[in-house]
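# Structural overview for review
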Amino acid sequence: MSTQDLQAIARALVAPGKGILAIDESLPTIKKRFEGIGLESTEETRRAYRELLITSPGSGEFISGMILFDETIRQVTTQGTPFPWVLSKQGIMPGIKVDQGAKPLAGHPGEKVTEGLDGLRERLIAYRQLGAQFAKWRAVITIGEAIPSRGCLEANAQPLARYAALCQEEGLVPIVEPEVLMDGDNTIDRCYEITEATLRSVFNALYVQRVVLEGLVLKTNMVIAGKQCLRQASVAEVAEQTTRCLRNAVPSAIAGIVFLSGGQSAELATAHLNAMNAMAVTHPWPLSFSYGRALQAPALKIWGGHHANVKKAQKALYHREKCNGLATLGRYTEALEKELAA
Ligand code: 5MM
C-alpha cells in the first residue's frame, strides 16, 4: 500500500464530524465492565454486547472506525454475518487492537511496558485478511511520586514506533496511543509536564524508526488533573492546556489526533473535545475522539445484559455518537445535549 493510500485512510478516520468508537476491551477489562452491570463475561455475552454496538443504527453518520479485539474481529452476528463486514457495509472502517497488554517493567516498580511485538508482522497480515484497515497499540504511563522514569518512557516509545513501522509496511494505519493515566492525585500542571515528555519521546522514536507521520493517527489523553486531585480544572483550562501541550510536542504532519476518555464522564469528555474545537485558533491537525467508556457507558448500563433493552441502548449510543460528532466541529452545547436526549 502506498503512502497516499495510508494517508487517505488516516484522514478518513478523522474526517470532519466523525471519530472512532473503541470496543477493544481485553478479557480482564470487559469482565470488569460487565461486573458493573452484574453480568458474567462469556464468549456469548461479549458477542451479544459487541453485536449491539456494531449493528447500532446510524453509527455511520458519526463513526469513522471501530477498534475491535482479537476475539471480536472473528465473531459474527446472530444471522451469521462477520462483524467486520457489518461495519464496512455501514462505511465504518474495522480496526484492531494488536498489543498484548501492559506488563510490569523490570527494575521499575509501579511502571509498565506494553508487549506484543513477537509475531506481529504475521498477525497484521492475518488481521488485514479479516478486514482490518487500521490498528491500535496502547502504552500506559502512570504518574506518581518519582514516576514516570526516563526508562519507562523510552521502553514504551520504542515498541510503539516499531509497531507503527510494521503496520505501515503491512498496509494498516497505526493508531499510536500513549496514555498518561488520570487516576492519581496529580495537578493538571504535572499532567502537562508528563504528557509533553511522553509525546516527545514517542515522536523521537517514530522518527528513528522511519514511520511516515502523514500515515498515522495519534491517540492521546487530554491534559487534565488526576481524579483524586482536589482542584479540578475548568473545561476551558483543559482545552487550553491540552492544545498548548500538543502544539509543543506533536508534529503538524500527522493526519490527526483522537482523544481517549480515560475515565471522564461521558458529558465531560464531549465538552472538553468541543471546547478545543470551538477555540478561536485553528489547530494544525483535526481533533477528534476515540472513546471507549465515554461512548459506551450509558448504553452498557441501559442494556444490562437483556436482549429486550437492545434498541434503547442503541439509542443511547447514537446520542453519544452524535454529541461527539458535533464536538469535533465545535457545535456541541449543553442545551443540545438535553434537547437531543429528549
Ligand atoms: C476500550 O478500552 C481499550 C482497551 O483497554 P484494555 O486493553 O486495558 O482492555 C483501551 O485501549 C481504550 O481504547 C482506550 O484506553 C480509550 O478508552 P477510554 O475508555 O479511556 O476512552
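Each remark here, short or long, concerns the structure printed above.
The structure presented is a predicted model; accordingly, all values stated were derived computationally and were not measured.

With that settled, consider the overall build of the protein. Secondary structure summary: the protein contains 13 helices and 10 strands in total. Against the globule reference of 20 Å for 342 residues, the protein gives a C-alpha radius of gyration of 19 Å, in line with a compact fold. The dimensions of the protein, computed from C-alpha atoms along their principal axes, are 50 × 45 × 40 Å. Summarising the internal contacts of the protein: among those between residues at least 6 apart in sequence, 78% fall at separations of at least 24. Counting every atom, the protein has about 14,600 Å² of accessible surface; 53% of that belongs to carbon and sulfur. Computing the positive centroid from 37 side-chain charges and the negative centroid from 35, the protein places the two 3 Å apart.

This paragraph deals with the packing of helix H11 (residues 293-303) against helix H12 (residues 310-327). Orientation of H11 relative to H12, taken along the N-to-C sense of each, is 165°, at an axis distance of 8 Å. Here H11 lies roughly antiparallel to H12, going by the angle between them. Classified by chirality, the crossing of H12 by H11 is right-handed. Between H11, through Ala294, Leu295, Pro298, Ala299, Ile302 and Trp303, and H12, the contact on the second element is made entirely by Val310, Lys312, Ala313, Ala316, Leu317, Arg320, Glu321 and Asn324. Looking at side-chain class alone, the contact of H11 with H12 contains 10 nonpolar, 1 polar and 3 charged residues.

With that settled, consider the pattern of salt bridges. Applying the stated criterion to the full structure yields 21 salt bridges. A salt bridge links Arg121 to Glu169; the nearest nitrogen and oxygen atoms lie 2.6 Å apart. Here Glu169 lies in helix H7 (residues 150-169) and Arg121 lies in helix H6 (residues 120-129), a separation of 48 residues in the sequence. Here the salt bridges share partners, and the residues they tie into one network are Asp24, Lys97, Lys136, Arg138, Glu177 and Glu179.

We now examine the site of the ligand. Taken together, 17 residues sit near the ligand, with Ser26, Thr29, Lys97, Lys136 and Ser261 positioned nearest. Between the ligand and the protein, one listed contact pairs an oxygen atom with a side-chain N or O atom of Glu179 at 3.4 Å. In this structure, an oxygen atom belonging to the ligand sits 3.0 Å away from a side-chain N or O atom of Lys219. Relative to its unbound accessible surface of 500 Å², the ligand loses 92% to contact with the protein. Where the shell around the ligand is concerned, the elements lending two or more residues are strand E6 (134-141) and strand E7 (173-180).

To continue, consider the pairing of strand E3 (residues 93-97). With 5 of its 5 residues buried, E3 lies for the most part within the structure. Along E3, one buried face is formed by Met93, Gly95 and Lys97 and the opposite face, lined by Pro94 and Ile96, is buried too. Here strand E2 (residues 63-68) pairs with E3 via 4 bridges, running parallel. If you follow Leu68 over to E3, its bridge partner there is Ile96. With 3 bridges joining them, E3 and E6 adopt parallel strand pairing.

It is worth spelling out unusual backbone geometry at this point. A cis amide bond links Ile147 with the next residue in sequence, Pro148, at an omega value of 10°. Here Pro148 is to be found in the loop between E6 and H7. A positive phi is found at Arg210, a non-glycine position, where the angle reads about 60°. Counting through the fold element by element, Arg210 comes out in the loop between helix H8 (188-208) and strand E8 (217-220).

A separate point is the side chain of Ser59. Mapped onto the fold, Ser59 is located in the loop between helix H3 (43-54) and E2. Within the structure, the side chain of Ser59 is placed 3.3 Å from the backbone oxygen of Ser56, a separation counted as a polar contact. Not counting residues within four places of it along the chain, the set of residues in contact with Ser59 comprises Leu53, Met66, Gln90, Ile92 and Glu321.

With that out of the way, let us pick up the environment of Thr81. Within the secondary structure, Thr81 sits in the loop between helix H4 (70-73) and helix H5 (83-89). In this structure Thr81 comes out as partly exposed when scored by relative accessible area, which is 29%. Setting aside its immediate chain neighbours within four residues, Thr81 contacts Gln75, Val76 and Val86.

Parameters and conventions
- Residues numbered from 1 in each chain as written.
- Predicted model: local features only at pLDDT ≥ 70, side-chain atom pairs only at ≥ 80, totals over all residues.
- Heavy atoms only, no water.
- Helix = DSSP H or I, 4+ residues; strand = E, 2+ residues; numbered from the N terminus.
- Rg over C-alpha atoms; globule rule 2.2 N^0.38 Å.
- Contact = heavy atoms within 4.5 Å.
- Areas by Shrake-Rupley, 256 points an atom, 1.4 Å probe, with all protein chains shown as cover.
- Lys, Arg positive; Asp, Glu negative; His and termini not counted.
- Charge placed at Lys NZ, Arg CZ, Asp CG, Glu CD.
- Axes fitted to C-alpha atoms, helices over the stretch in contact; angles between N-to-C directions.
- Parallel < 35°, antiparallel > 145°, perpendicular 65-115°, else oblique.
- Left-handed = near helix turned anticlockwise from the far one by under 90°.
- Nonpolar A, V, L, I, M, F, W, Y, C, P; charged D, E, K, R; others polar.
- Salt bridge = Lys/Arg side-chain N within 4 Å of Asp/Glu carboxyl O.
- Near = heavy atom within 4 Å.
- Polar contact = N/O pair within 3.5 Å; in protein donor to acceptor, adjacent residues only side chain to side chain.
- Buried < 20%, exposed > 50% of the residue type's maximum accessible area, 1.4 Å probe, protein only.
- Pairing = 2+ DSSP bridges.

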